[in-house]
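# Coordinates in review
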Amino acid sequence: MKNTFGKSITVTIFGESHGSEIGAVLDGLAPGIKIDEEYIASKLSLRRPRGAISTKRTEADRFRIVSGVFNGRTTGTPVCILIPNEDTKSRDYSATRQLARPGHADYTAYCKYHGYEDYRGGGHFSGRITAALVAAGAIGMSVLEKKGIMIGTHIARCAGIPDRAFRNLQQDIRALSESTFAVLDEEAAIQMRAAMEKAAGDGDSVGGILETAVTGLPAGLGEPWFDSMEGLLSHALFSIPAVKGVEFGDGFALSEMNGSTANDSFAMQDGKIVTTTNHNGGINGGITNGMPVIFRCAVKPTPSIYKEQNTVDFMEGTDQKLVIRGRHDPAIVHRARIVADCITALVLCDLLAQRYGTDYLAETAQDDNRTG
């Protein structure tokens, strides 16, 4: 299995949905970076289920950092984070072990791992593992914020209900950082919640679109061709369970424009080079141009629903009917938004370290240390 991402700063994830613990290892972080455990806990709380719009499985996510941090700062060696699984009900999965849940990885995992995989709760393929990514990515977000780089994601659309677009990016990102339901328009939030609750009442689920904005990135970040900014972000974002599409700037809508509209004209503003529009999402030739990086992720409806579905017994080779039991989300888009933030942070930290060296991310920490 390939569970490591990055080149200069890498993240490795491990664990299963119903195993004793899940976790992540961050390697390549410079020594001296301040680790704020309250900040990490606050980001994990944004992923936590809430009320009728989420699963009834409630994990406290009491993480432990067991290596790589001493006296509150990184030592330069691998940072290992462990998160226990404390609210599992594995019996819910034993009766349907041989049945392929539509939309899940049960059958493909069986084909790849020959029945040795941990199938409980989706095992290593479960969205539960994203808690480890959030814990690791929160460290990256904290580092980036000290460098003036801000990341924010909102639910741009859910169940066909649109949120308002980003307006003042700095203000909107600050508001989203404290929101447990990341929507910019309160009326849209009310309608989205109602749609999620209705889906739950119907034994069904809904999907949505996440939109992410990154401000403060320098121009010149990313590589042409195979390590482009879009390519690496997409690679990482597609690791989020249920993400089935990623687009940058105006994305597919660019195909309907003329070049005279799609092109972002350059101009000077307060002594800086800017573009007057941002149809290309802050990226040209796979490299940042200094404008905000904007992208969207399509999140499919949660595949675990309570309606009867057609499937197969993949061990016996017979057609079957399936009714899923257990505890499941009628929507995951509202919980996935902090995962998108944190994965984005990990990619950006890696690219910044590749371009400027790993100590670039520790400069603020070193300055703090010198000043007490």
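Preceding block: the structure.
## A short note on the sheet that holds strand E8 (residues 150-158)
Ordered by their spatial adjacency, five strands build an open sheet running E9-E8-E10-E16-E11, and the pairing between neighbours is antiparallel. Every interior strand has two partners, whereas the edge strands, strand E9 (161-162) and strand E11 (243-248), have only one.

## Some words on a nonpolar patch on the surface
A cluster of nonpolar side chains, contributed by Phe266, Met268 and Ile273, occupies part of the molecular surface with about 370 Å² of accessible area. Within the fold, Ile273 resides in strand E13 (residues 272-275).

## Observations regarding the pairing of strand E17 (residues 309-313)
Bridging between E17 and strand E18 (residues 318-322) involves five bridges; their strand directions are antiparallel. Paired with Asn310 across the strands is Lys321, a residue of E18. Hairpin connection from E17 to E18: four residues lie between these consecutive antiparallel strands, with Gly317 at a positive phi of about 70 degrees.

## Points about the nonpolar core
Residues Leu26, Ile40, Leu237 and Leu361 are the most contacted members of the largest nonpolar core, which totals 85 residues. Among the elements that make up this core, the one with the highest residue count is helix H9 (residues 333-356) (15 residues). The contacts of Ile40, once residues within four sequence positions are left out, are Ile35, Phe63, Ile65, Ala135, Ala138 and Ile139. Counting eight residues, the second largest nonpolar core, distinct from the first, contains Phe166, Ile173, Leu176 and Ala182.

Criteria and thresholds
Residues numbered from 1 in each chain as written. Predicted model: local features only at pLDDT ≥ 70, side-chain atom pairs only at ≥ 80, totals over all residues. Heavy atoms only, no water. Pairing = 2+ DSSP bridges. Helix = DSSP H or I, 4+ residues; strand = E, 2+ residues; numbered from the N terminus. Patch = residues over 30% accessible without salt bridge, like charges linked within 9 Å, V, L, I, M, F, W, Y side chains within 5 Å. Areas by Shrake-Rupley, 256 points an atom, 1.4 Å probe, with all protein chains shown as cover. Salt bridge = Lys/Arg side-chain N within 4 Å of Asp/Glu carboxyl O. Core = buried A, V, L, I, M, F, W, Y, C linked by side-chain atoms within 4.5 Å. Buried < 20%, exposed > 50% of the residue type's maximum accessible area, 1.4 Å probe, protein only. Contact = heavy atoms within 4.5 Å.

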